[in-house]
2 protein chains.
Amino acid sequence: MNIEECINFLLTGAQHKVFIKMKNSLKEVGLTPIQYGVLKCVWQFDMSNPKEIAEFLGVENSTVSGILDRMQGKGLLEREIDANDRRHIIIRLSDSAKELEKSVNRIVLEVNQKVLEDFTEEEIAQFKQYLRRVKEA
Amino acid sequence: MNIEECINFLLTGAQHKVFIKMKNSLKEVGLTPIQYGVLKCVWQFDMSNPKEIAEFLGVENSTVSGILDRMQGKGLLEREIDANDRRHIIIRLSDSAKELEKSVNRIVLEVNQKVLEDFTEEEIAQFKQYLRRVKEA
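Since we're looking at a predicted model, the values are computed, not measured.

Just give me the short version of the interface of chain A and chain B, but keep the residues and values in it.
Contacts between the two partners involve 48 residues from chain A, matched on the other side by 48 residues from chain B. Taking both sides of the interface into account, the surface hidden between chain A and chain B amounts to around 4900 Å²; carbon and sulfur atoms contribute 65%. Interface area lost by chain A to chain B is led by Met1, Ile7 and Tyr130 of chain A, which between them contribute 14%. Our count for the chain A to chain B interface comes out at 6 salt bridges. Taking the shortest distance from any N to any O, the salt bridge between glutamate 5 of chain A and arginine 132 of chain B comes out at 3.0 Å.

Encoded structure:
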């Protein structure tokens, strides 16, 4: 099998290309793509538990912990003891993080539109379905 | 835009899943996916120039240099001065690397088949075309 036919090579190349675009665009608001992922877990799903966020984003707990450290250092969030279960930590976004929501959503939408600008609606739906099938297999 | 619709999120999730499968399978012969990429550049394209390999694999020269260090440490290759241009280094695979070719190709083919086992031939062709369009855009 030629390497240009290898699904790992193709996925890695496409992911890298899109990741770099996303990374460069999110710099505008001082975020990395994974920090966007954390914020989106709160904005979209009201998650506050770091473990739940790690699981959703498919990264290790220790990785999320480091990301939260940097986000806390930038004043985007605070960690608190969960009043319902004092063994757990919950995160709470700061006002400055909340203020980012609109511009971050606009940036992410623009990157998506740019990356898929030559795709028809049908092709986009099919492409996303293929990616989900691979991810969930 | 919901995060589950974000092309960066979907590509990252699918890539991660396939990368882990490839990584675990290549462990059988003591290689990492990127080391496979380097070997394949030699086997398939007869590349011997580290810069050319870096460019094909889409990684930094310094990254390839570190990968070559580790591969040299494992006895997979030697670096030599290019007799045609003494300013350049070329790599030359060892016999033990050459002996890996068949089993590595079998492993990579098996991972590809496993990842795409629920896809029809037509879907596979379409999926790969989408990934190439994103990568080359």
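Past the structure itself, the notes keep going.
Give me the packing of helix H1 (residues 7–26) of chain B against helix H5 (residues 95–115) of chain B: which residues, what numbers.
Residues and elements named next belong to chain B. Here H1 crosses H5 at 145 degrees, and the two axes come no closer than 10 Å. In terms of crossing hand, the pair formed by H1 and H5 is right-handed. In this structure, H1 uses Val18, Lys21, Met22, Ser25 and Leu26 to contact H5, whose residues at the interface are Val104, Ile107, Val108, Val111, Asn112 and Val115. Here the residues of the contact of H1 with H5 are counted per class, giving 8 nonpolar, 2 polar and 1 charged.

How would you sum up the relation of the copies chain A and chain B? Please name residues and give values.
Screw-axis analysis of chain A against chain B gives a translation of 0.0 Å along the axis, an RMSD of 0.0 Å, and a rotation angle of 180 degrees. Such a turn and shift between the copies fits a two-fold axis. Of the interface residues in chain A, 100% have counterparts in chain B that sit at the interface too, so the contact is made through matching surfaces.

Kindly report on the pattern of salt bridges, identifying the contributing residues and their values.
Residue and element names in this part refer to chain A. Per the stated rule, a full pass over the model turns up 18 salt bridges over all chains. The residue arginine 106 makes a salt bridge to glutamate 28 at a minimum N-O spacing of 3.5 Å. With a gap of 78 residues between them, arginine 106 in helix H5 (residues 95–115) and glutamate 28 in the loop between helix H1 (7–26) and helix H2 (33–45) connect regions that are remote in the sequence. Relative accessible area serves as the criterion here: at 37%, arginine 106 is assigned to the partly exposed category. You can call glutamate 28 exposed: its relative accessible area is 58%. Among the salt bridges present, the one from arginine 87 reaches aspartate 85, with a minimum N-O distance of 2.8 Å.

Explain the packing of aromatic side chains to me, using residue names and the numbers behind them.
Taken as a whole, this structure holds 12 aromatic pairs over all chains when the rule is applied. Among the aromatic residues, those joined into a ring-pair cluster are Phe119, Phe127 and Tyr130 of chain A together with Phe119, Phe127 and Tyr130 of chain B.

Tell me about the side chain of glutamine 35 of chain B, and please be specific about residues and values.
Residue and element names in this part refer to chain B. Tracing the backbone through its elements, the reader meets glutamine 35 in helix H2 (residues 33–45). Its relative accessible area of 4% is what places glutamine 35 among the buried residues. Of note is the side chain of glutamine 35, whose polar atom sits 3.1 Å from the side chain of lysine 74. Every residue in contact with glutamine 35, bar those within four places of it in the chain, is listed here: Gly30, Ile67, Arg70, Met71 and Lys74.

Outline the layout of surface pockets, listing residues and values.
Its boundaries defined by the atoms lining it, the largest pocket holds a volume of some 690 Å³. Along its surface, the largest pocket is lined by 27 residues, and Gln15, Leu57 and Val59 of chain A together with Thr12 and His16 of chain B are the ones closest to its centre. Of all the secondary-structure elements, those providing two or more residues to the lining of the largest pocket are H1, H2, helix H3 (50–57) and helix H4 (61–73) of chain A together with H1 of chain B. Broken down by element, the residue count for the lining of the largest pocket peaks at 9 residues, all from H1 of chain B. Among the residues making up the lining of the largest pocket, the classes are represented as 13 nonpolar, 12 polar and 2 charged. The volume enclosed by the second largest pocket comes to roughly 470 Å³.

Lay out the packing of H2 of chain B against H5 of chain B in plain terms, naming residues and giving numbers.
Residue and element names in this part refer to chain B. Across the interface, H2 lies against H5 with an axial gap of 11 Å and an inter-helix angle of 110 degrees. Here H5 runs roughly perpendicular to H2, going by the angle between their axes. Seen from above, H2 lies across H5 with left-handed handedness. Counting all contacts with H2, which are made through Tyr36, Leu39, Lys40 and Trp43, the residues of H5 involved are Ala97, Lys98, Leu100, Glu101, Val104, Asn105 and Val108. Looking at the contact of H2 with H5 residue by residue, the classes come out as 7 nonpolar, 1 polar and 3 charged.

Reading the values: the criteria
- Residues numbered from 1 in each chain as written.
- Chains lettered and ligands numbered in written order.
- Predicted model: local features only at pLDDT ≥ 70, side-chain atom pairs only at ≥ 80, totals over all residues.
- Heavy atoms only, no water.
- Contact = heavy atoms within 4.5 Å.
- Buried area = accessible area lost by both parts, 1.4 Å probe.
- Salt bridge = Lys/Arg side-chain N within 4 Å of Asp/Glu carboxyl O.
- Axes fitted to C-alpha atoms, helices over the stretch in contact; angles between N-to-C directions.
- Helix = DSSP H or I, 4+ residues; strand = E, 2+ residues; numbered from the N terminus.
- Left-handed = near helix turned anticlockwise from the far one by under 90°.
- Nonpolar A, V, L, I, M, F, W, Y, C, P; charged D, E, K, R; others polar.
- Least-squares fit on C-alpha atoms with pLDDT ≥ 70 in both.
- Buried < 20%, exposed > 50% of the residue type's maximum accessible area, 1.4 Å probe, protein only.
- Phe/Tyr/Trp six-rings, centres within 6.5 Å; stacked < 30°, edge-to-face > 60°.
- Polar contact = N/O pair within 3.5 Å; in protein donor to acceptor, adjacent residues only side chain to side chain.
- 1 Å grid on protein atoms, 1.4 Å probe; cavity = no way out; pocket = protein on both sides within 12 Å on 5 of 7 lines; lining within 4 Å.
- Points joined across faces, edges and corners; volume = space filled by probe spheres on them.
- Parallel < 35°, antiparallel > 145°, perpendicular 65-115°, else oblique.

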